[in-house]
2 protein chains.
Amino acid sequence: MTWLVTGGAGYIGAHVVRAFRDGGIDVVVIDDLSSGKAEFVPDGVPFVRANLLDGAAVRQALDGVTGVVHLAGFKYAGVSVERPLHTYTQNVTAMVSLLEAMAEKGVRNIVFSSSAGVYGTPTEEVVTEATRPAPESPYGESKLIGEWLLRDQAAATELHHTALRYFNVVGSGDPAVYDASPYNLFPIVCNLLTQGKVPQIYGTDHPTPDGTSVKDYVHVADLARAHVAAARALEAGTVLEPVYNLGSGTGTSVREIMDAARRVTGIDFTPGEAPRRPGDPSRVVANGDLAARDLDWKNTYTVDEMFATAWEAWPTAS
Amino acid sequence: MTWLVTGGAGYIGAHVVRAFRDGGIDVVVIDDLSSGKAEFVPDGVPFVRANLLDGAAVRQALDGVTGVVHLAGFKYAGVSVERPLHTYTQNVTAMVSLLEAMAEKGVRNIVFSSSAGVYGTPTEEVVTEATRPAPESPYGESKLIGEWLLRDQAAATELHHTALRYFNVVGSGDPAVYDASPYNLFPIVCNLLTQGKVPQIYGTDHPTPDGTSVKDYVHVADLARAHVAAARALEAGTVLEPVYNLGSGTGTSVREIMDAARRVTGIDFTPGEAPRRPGDPSRVVANGDLAARDLDWKNTYTVDEMFATAWEAWPTAS
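A quick note: this is a predicted structure, and the numbers were derived from the prediction, not measured.

K.L.:
Even after reading the chapter, I still don't get the overall build of chain A, so can you show me in this structure?
P.N.:
Along chain A, the regular secondary structure elements total ten helices and 15 strands. For chain A, the spread of C-alpha atoms along the three principal axes comes to 55 × 40 × 40 Å. Within chain A, the fraction of its 318 residues that count as buried is 57%. Across chain A, every contact between residues at least 6 apart in sequence was considered, and the portion connecting residues at least 24 apart equals 78%. Total accessible area on chain A is roughly 12,500 Å²; 48% of this is exposed by carbon and sulfur atoms. For chain A, the centre of its 25 positive side-chain charges and the centre of its 38 negative side-chain charges are spaced 2 Å apart.

K.L.:
Help me understand the interface of chain B and chain A in this model?
P.N.:
You'll often see interface size given as the accessible area lost when the parts meet. Every contact between the two is made by 23 residues of chain B and, on the other side, 23 residues of chain A. Contact between chain B and chain A buries roughly 2,000 Å² in total, counting both sides, with carbon and sulfur atoms accounting for 68%. The largest contributions to the chain B side of the interface with chain A come from Leu85(B), Tyr88(B) and Trp148(B), which together make up 28% of the buried area. At the junction of chain B with chain A, the criterion picks out two salt bridges. As a salt-bridge pair, Arg151(A) and Glu141(B) come within 2.4 Å of each other at their nearest N and O atoms. Across the contact surface, chain B and chain A share three residue pairs in polar contact (both at pLDDT 80 or more). Sorting the residues of the side of chain B that touches chain A by element identifies α4 (84-105) and α5 (138-156) of chain B as the ones contributing at least two each. In terms of residue count, the dominant contributor to the side of chain B that touches chain A is α5(B) (ten residues). Residues that form the side of chain B that touches chain A fall into these classes: 14 nonpolar, three polar and six charged.

K.L.:
Before we go on, may I ask you to explain the relation of the copies chain B and chain A in this structure?
P.N.:
The operation relating the pair of chain copies consists of a rotation about an axis and a translation along that axis. Rotating chain B by 180° about the axis while translating it 0.0 Å along that axis superimposes it on chain A, leaving an RMSD of 0.0 Å. The transformation relating the two chain copies, once decomposed into turn and shift, fits a two-fold axis. Residues of chain B ranked by C-alpha distance from the rotation axis are headed by Thr93(B), positioned 3.0 Å from it. Comparing interface residues between copies, 100% of those in chain B also lie at the interface in chain A; the contact surface is shared.

K.L.:
Can you walk me through the packing of aromatic side chains in this structure?
P.N.:
Each aromatic ring pair is characterised by the separation of its centres together with the angle its planes make. All names here are of chain A. Scanning all chains against the criterion turns up 17 aromatic pairs over all chains. Here Phe 186 and Phe 307 contribute two aromatic rings whose centre-to-centre distance is 5.3 Å and whose plane-to-plane angle is 45°, an arrangement assigned as tilted. Linking Phe 186 in helix α6 (residues 185-194) with Phe 307 in helix α10 (residues 303-317), this pair joins segments that are 121 residues apart in sequence. Given the relative accessible area of 2%, Phe 186 is considered buried. Phe 307 gets classed as buried once you look at its relative accessible area, which sits at 0%. Ring pairing ties together the aromatic residues Tyr 11, Tyr 178 and Trp 314, which thus form one cluster. Across the ring face of Tyr 202, the terminal group of Arg 277 is positioned such that the distance to the ring centre comes to 4.0 Å.

K.L.:
Even after reading the chapter, I still don't get the domain arrangement of chain A, so can you show me in this structure?
P.N.:
Residue and element names in this part refer to chain A. As assigned here, chain A comprises domain 1 (2-169 + 217-246) and domain 2 (172-215 + 248-284 + 300-313). Here the C-alpha centre of domain 2 lies 26 Å away from the C-alpha centre of domain 1. For the pair domain 1 and domain 2, the two sides together bury roughly 2,000 Å², of which 62% comes from carbon and sulfur. Counting the surface domain 1 buries against domain 2, the share from its top three residues, Glu 125, Tyr 217 and His 219, is 39%.

Calculation notes
- Residues numbered from 1 in each chain as written.
- Chains lettered and ligands numbered in written order.
- Predicted model: local features only at pLDDT ≥ 70, side-chain atom pairs only at ≥ 80, totals over all residues.
- Heavy atoms only, no water.
- Helix = DSSP H or I, 4+ residues; strand = E, 2+ residues; numbered from the N terminus.
- Buried < 20%, exposed > 50% of the residue type's maximum accessible area, 1.4 Å probe, protein only.
- Contact = heavy atoms within 4.5 Å.
- Areas by Shrake-Rupley, 256 points an atom, 1.4 Å probe, with all protein chains shown as cover.
- Lys, Arg positive; Asp, Glu negative; His and termini not counted.
- Charge placed at Lys NZ, Arg CZ, Asp CG, Glu CD.
- Buried area = accessible area lost by both parts, 1.4 Å probe.
- Salt bridge = Lys/Arg side-chain N within 4 Å of Asp/Glu carboxyl O.
- Polar contact = N/O pair within 3.5 Å; in protein donor to acceptor, adjacent residues only side chain to side chain.
- Nonpolar A, V, L, I, M, F, W, Y, C, P; charged D, E, K, R; others polar.
- Least-squares fit on C-alpha atoms with pLDDT ≥ 70 in both.
- Phe/Tyr/Trp six-rings, centres within 6.5 Å; stacked < 30°, edge-to-face > 60°.
- Lys NZ or Arg CZ within 6 Å of the ring centre and 35° of its normal.
- Domains from an automatic or database assignment.

Here it is as structure tokens:
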């Protein structure tokens, strides 16, 4: 059992690589380092620096491989609105290229990195896999298209597959691996606190207990382990669901995150308050029962622990 | 006003080219002849033989062009199930390539050839543009993705666009242009009758007046004119709907088509009867009110006239 992790030098990919190695499974990484970092790839892991559109490099990376975790792609949902064609090229065309190479090389297992972004702004407060997708950005579309591609390719050829819809992925499972994304709450808070600035809460009039937006946060190390469970199941011939939500099943408000940040960092601050941002839903929580049943998935971190691992790793990212 | 017609050497494309010329609008054709025929391109129309993935050829074809009718693509919904990656490459990647070239060359108008295939098997008998898309084949997915690409690109750059969802396109507006597709009812009937064989009706126990499946047939010459109206509207700065159904608003049963074939050809036959094919809906009719309002769209052919133009053109296709 040897698995290729596309995007394995990225924040999530690097955790997936570590989870496979912790599980005693050999991994190979392919990553074009457009957002990943070579130093996130552990010593001893074969690393191919290439974009998935480079079919020859992908075929070579697939030598001796029995399955693929496909994480590579353009990951910034907000920016994708300004760069739709780039997003499609990197997320759709590149995945077609990967699936072509896999078919050629007879690699029949794939775990795809999907996203809660496929749901758009859900009207239901608790999102299940039966909630109808309604993506609102090229990024969200491209993730839904990736799920379609797996279903389509499995109808045409032999392919064992599943897709994991990530909710808000946070924290770090290795202080040497983190992501300074300016689009995610945890790194934004770490960044501002490090600079002696005060984080803002956008929207305090939501119909939630403390008035701030409630989302579903999952720790990246828990998330990574679900990929290993999925890979093992596929290799064992278990038929998995086409998609699984990876969410904690519980919601955490922005104010609760701020409280955790205060406790963890010891920095006493009172967050600023600003109006809601358009399109920010009041409450989105994922039902993760299917993943719990099939992928041994559970959220093992408290909010404080999640923030603490982010804060500890922040110097790496900043 | 000069428009590029991608796929302009195909059955529908060749009719679109003729409709533009009839309207006094200059056209250029790009087609890789994978299913089109060079002889369908009228004399005097500049013709570039190339696939849309050939960016340099596309950019050259766009010289002096003010808008694009984009019809090129892999068009066989049924076969797309066996060839999903090919379908995505030809219909999605190629469209991304086209939109990139258009952005580079400053071409800001596009009319996209979409399909009733985006609806899958509709649960509603009368399909409006508000009916929720639920494609069931890579082909149907790729057409819905094309609509998303237009919306996305228009949000990111200046692009004036619409998409026309074709229902069952039949007949011929020029006896020299027809299509021997083995997947469509009219050419199948023409083919069998020419060979002295008897056409079959699949499914005679549908809950319809005569028990056979009811679909919405539109004549290709009417369809082609809607493209000209859309192009003129976009050039005039009129904001069109993102999608229009091109359907007649009335349904015709398979048995009614067979009756028309008998009358038109003078061949006296009694169609065979066979079980329903899986997934064949009993009744799908499009509401074409939006297209009637904005695109001067109407169906001007009776069923007998539709079949007669197909029969007349059949020797060209066979």
